[in-house]
Amino acid sequence: MWENKVSRIIYICLLTIFGVVLLTYEYGVLVSSKYYYPGTKINGFEAGFKEVSDLENEMYENPSDYVYNLAFRDETYMLNGYDIGLKIDYSDELERIKREQNPFLWFNTFFKNENSINKTISFDEEKLEYMIDGFDCMDPDNMIAPENATIQLGDDGVVVAVDGDPGTIIEDKQKIYDYVGEAIINDTKDIDIEECNCYKVADYTSESSKVKKCVDNCNAVAGLDIRYLYGTEEVPLEPFQLFGTIIISDTYDTIISKNRVKTVLEGFSRLHDTYDKLRRFRNHDRQMITIDNSHYGWMLDVETETDNLYSDLIHHKSITRAPEFLEKGYTYDVNTGDDIGSTYAEVNVEKQIMYFYKNGRMLMYSDVVTGCVSARHSTPHGIYSIDYKQSPAVLRGEDYESKVTYWMPFNGGIGFHDATWRGRFGGEIYQYSGSHGCVNMPFPKAQELFSEVEEGVPVIVY
């Protein structure tokens, strides 16, 4: 009896539980037929017990909040979503998720039910084009044509092609419309117009084959090692000077111009030649004097050397040689331009004395008699050089003929020589009984100078 009563109670409880579960399930089915599963999340929004339309309202995005930055070459423009009829729609994705939630399986809510969906973006194409066309950069009057590459010599002496201003001419507006439209659809806010290849490209860029060939041709010339010998000193032609001999056409053909070669050598001559230039000289008494009458120094023969250098350049010939000179100095310092050096003869007219220095050491000095002042035969001041040496020699003038043993001219008919007819030298003799312009020396001193001095040695008279 008791067992039957317990069995009946258990049966009734089971029926009750089953009924509650059934009612709960049916309720869940009814609710899930209209609403999202309880516990559903979509893009972080709580969707449970909500209709699709409710969630659409919650996820609504204002088109005015969408601002796009369109970066053109010359300026960046802002585009507001409202102005292009922008629409942000989640309805298709929301409906899809709702459809995928089978009401009869609503109990899946007890498992993780988070969803991530993409928005669907649309816009009015005509409005987009209208807005873009309103940008200043789209006005042809504001567009700048692209510039071709320029050929330049770098600080390292290497010729390179440098792209010019790319300009702002837009050749294909449709590319911009399509590119911007695609970016908007993909929800891209920062849009680089450069990437849609809508701009006109220069006829010649640094990557053009003709430009590259031009650069190679220029480097073949600018990279030559051409050195001129001023005495024993090597003076190089710099890359900028060699590059300056080349003419480059609008189509990047190259030619070495003989006129430009001459112009380069004229500049080189002005920079390095010393002939007939003002000089500062520290004399034997350690005084710094200025000498402006110079018939000494280096003078490049520009006319002849133009032909020589032109031939070297067109044959791409690196060479070290002495160029053609009109005048030559005795020495040369490429850093200071000094062409006197440490070996020279020095004549102090006022003190009537001469000195001879060799390699910076005074080898000799002597009292002298220079040109007669009263007869207007004063020895001209200036810088000269020993033209040659002769022994013996006969010196002839309009009213004289003198035999000498040692003759060392440095200024035409003026030079050093022995004067055995004189008994005294130095003092004031030159004022009233001087020479016809030469520097008279005692025989032993003239002999000593003759044995030491060389052709081309500078002579400074002051």
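Further up the page is the structure itself.
Please read all numbers here as calculations on a predicted model, not as lab measurements.

A. The arrangement of the pattern of salt bridges in detail. Enumeration over the complete set of coordinates arrives at 21 salt bridges. With a closest N to O distance of 3.0 Å, K189 and D187 form a salt bridge. Each of E61, K119, D187 and K189 takes part in salt bridges that share partners, so that together they form one network.

B. Seen up close, the nonpolar core. Counting 38 residues, the largest nonpolar core has L70, F72, I176 and I193 as the members making the most contacts within it. Among the secondary structure elements, those contributing two or more residues to this core are helix 2 (52-58), strand 3 (67-71), strand 4 (76-80), helix 3 (91-100), helix 4 (125-133) and helix 5 (173-185). A per-element tally of this core places helix 5 first, with five residues. With residues near it in sequence (within four places) discarded, I176 still touches F72, I132, M138, I170, I193, C196 and C198. Counting residues in each nonpolar core, the second largest holds 31 residues, with V221, I256, L300 and Y332 among its members.

C. Seen up close, a negative patch on the surface. Residues D74, E75, D136, D139 and D141 make up a contiguous surface patch of negative charge. Tracing the sequence through the fold places D141 in the loop between helix 4 and strand 8 (150-153). Judged by relative accessible area, D141 falls into the exposed class, the value being 70%.

D. Spotlight on a nonpolar patch on the surface. On the surface, V6, I10, L14 and I17 cluster together into a nonpolar patch covering about 350 Å² of accessible area. The exposure class of I10 is partly exposed, given its relative accessible area of 47%.

E. View of the sheet that holds strand 22 (residues 361-367). Pairing is mixed in the open sheet, where five strands are placed in the order 22-21-20-29-23. In this open sheet, the two strands that pair with only one neighbour each are strand 22 and strand 23 (382-385). Taken pair by pair, the neighbouring strands of this sheet meet at an average axis angle of 20°, ignoring direction. Bridge analysis of strand 20 (residues 344-348) against strand 29 (residues 458-461) gives three bridges, and the strand direction is parallel.

F. Spotlight on unusual backbone geometry. With an omega dihedral of -10°, the bond running from S391 to P392 counts as a cis peptide bond. Among the structural elements, P392 can be located in the loop between strand 23 and strand 24 (393-396). One non-glycine residue, Y252, lies in positive phi territory at about 70°. Note on placement: Y252 falls in the loop between strand 13 (246-248) and strand 14 (254-256). We classify Y252 as buried; its relative accessible area is 7%. Even without glycine at this site, R376 takes up a positive phi of about 60°. Along the chain, R376 turns up in the loop between strand 22 and strand 23. The exposure class assigned to R376 is exposed, which follows from its relative accessible area of 78%.

G. Focus on helix 5. Over its 13 residues, helix 5 runs 19 Å from end to end, which matches the ideal 18 Å to within 8%, given 1.5 Å per residue. Within the span of helix 5, buried status applies to I176, Y177, V180, G181, A183 and I184. End-on view of helix 5: buried residues confined to an arc of 160°, all on one side of the axis. On its buried face, helix 5 sits against strand 3, strand 7 (120-122), helix 4 and strand 10 (190-192). If you check the start of helix 5, you find a side-chain oxygen 3.1 Å away from the backbone N of Q174, and it comes from D172. One or two steps after helix 5, the chain reaches D187, where phi turns positive at roughly 60°.

H. Representation of the packing of aromatic side chains in the model. Inspection of every chain in the model, using the stated rule, returns 18 aromatic pairs. Judged by centre distance (6.5 Å) and plane angle (40°), the ring pair of Y66 and Y68 falls under tilted. Comparing Y66 with Y68 shows no difference in burial state: the two are buried. Ring centres 5.3 Å apart and planes at 85° place the aromatic pair F281 and Y344 in the edge-to-face group. Taken together, the positions of F281 in strand 15 (residues 279-282) and Y344 in strand 20 put the pair 63 residues apart, joining distant regions of the chain. An aromatic cluster is defined as three or more aromatic residues linked by ring pairs; in this entry it consists of Y228, Y230, F268, W298, F325 and Y332. Positioned above the aromatic ring of Y199, the side-chain terminus of R73 is 4.1 Å from the ring centre. It is K389 that lies over the ring of F450; its NZ or CZ is 4.8 Å from the centre.

What counts as what
- Residues numbered from 1 in each chain as written.
- Predicted model: local features only at pLDDT ≥ 70, side-chain atom pairs only at ≥ 80, totals over all residues.
- Heavy atoms only, no water.
- Salt bridge = Lys/Arg side-chain N within 4 Å of Asp/Glu carboxyl O.
- Core = buried A, V, L, I, M, F, W, Y, C linked by side-chain atoms within 4.5 Å.
- Buried < 20%, exposed > 50% of the residue type's maximum accessible area, 1.4 Å probe, protein only.
- Helix = DSSP H or I, 4+ residues; strand = E, 2+ residues; numbered from the N terminus.
- Contact = heavy atoms within 4.5 Å.
- Patch = residues over 30% accessible without salt bridge, like charges linked within 9 Å, V, L, I, M, F, W, Y side chains within 5 Å.
- Areas by Shrake-Rupley, 256 points an atom, 1.4 Å probe, with all protein chains shown as cover.
- Lys, Arg positive; Asp, Glu negative; His and termini not counted.
- Charge placed at Lys NZ, Arg CZ, Asp CG, Glu CD.
- Pairing = 2+ DSSP bridges.
- Axes fitted to C-alpha atoms, helices over the stretch in contact; angles between N-to-C directions.
- Expected span 1.5 Å × (residues − 1).
- Arc of directions from axis to C-beta.
- Polar contact = N/O pair within 3.5 Å; in protein donor to acceptor, adjacent residues only side chain to side chain.
- Phe/Tyr/Trp six-rings, centres within 6.5 Å; stacked < 30°, edge-to-face > 60°.
- Lys NZ or Arg CZ within 6 Å of the ring centre and 35° of its normal.

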